[in-house]
Amino acid sequence: HDPQESQRAPQPAEEQTLRPPRVRVIPRTSTFHEETASSCRLHDRIAARFRQMLAAGFLDEARGLFARTDLPAGHPVLRTVGYRQAGLYLSGEINYDAMVERAVIATRQLAKRQMTWLRADPDARRFDCSGDPDLATAVTRHLFAMLAV
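All values reported here derive from a predicted model rather than from experimental measurement.

With that out of the way, let us pick up the packing of aromatic side chains. Summed over the entire model, instances satisfying the criterion amount to three aromatic pairs. Between Tyr-89 and Tyr-96, the ring centres sit 5.6 Å apart and the planes meet at 80°, which makes this aromatic pair edge-to-face. Accessibility expressed as a relative area gives 27% for Tyr-89, which makes it partly exposed. Taking the relative accessible area as the measure of exposure, Tyr-96 reaches 36% and is therefore partly exposed. Joined through ring pairs, the aromatic side chains of Phe-50, Phe-58 and Tyr-83 make up one cluster.

Now for the pattern of salt bridges. Going through the model one piece at a time under the given rule, you end up with two salt bridges. Where Arg-63 meets Asp-60, a salt bridge forms, and the shortest distance between an N and an O atom there is 2.9 Å. Residue Arg-63 and its partner Asp-60 are both found in helix α3 (residues 58-67); the two are separated by three residues, about one turn of the helix. The exposed category is assigned to Asp-60, whose relative accessible area is 54%.

Reading the values: rules and limits
- Residues numbered from 1 in each chain as written.
- Predicted model: local features only at pLDDT ≥ 70, side-chain atom pairs only at ≥ 80, totals over all residues.
- Heavy atoms only, no water.
- Phe/Tyr/Trp six-rings, centres within 6.5 Å; stacked < 30°, edge-to-face > 60°.
- Buried < 20%, exposed > 50% of the residue type's maximum accessible area, 1.4 Å probe, protein only.
- Salt bridge = Lys/Arg side-chain N within 4 Å of Asp/Glu carboxyl O.
- Helix = DSSP H or I, 4+ residues; strand = E, 2+ residues; numbered from the N terminus.

Shown next as structure tokens:
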């Protein structure tokens, strides 16, 4: 009996019977979008996105996740950015405004760590996300070229 197995969240029956798709290994090349505008713009976009998530029912989703009896209190999914702060709010430890502020700050910190990590990769392909109307086309072409290798 694997003790870690009992800590994993069970999957719905239909997910357990599906076979994973074949995955093609892509050569060591990272692809990411880089925000070339000021960090203030990125911070505003992060805050706006979190508010959109709240409006779309994020707290209801978080409430359902925290109510699950098959997830121990320290489960990694309950500690992820956004959910951790929502859990503090739902348990009454912080108020709504503090939850929003903490979630936005945590997301900004995560974005900064990701950008630092990606900048260190000399093979990373960078895309300008500051308003290029052809961004989707450029990313799509790059991905198809990588898959053709």
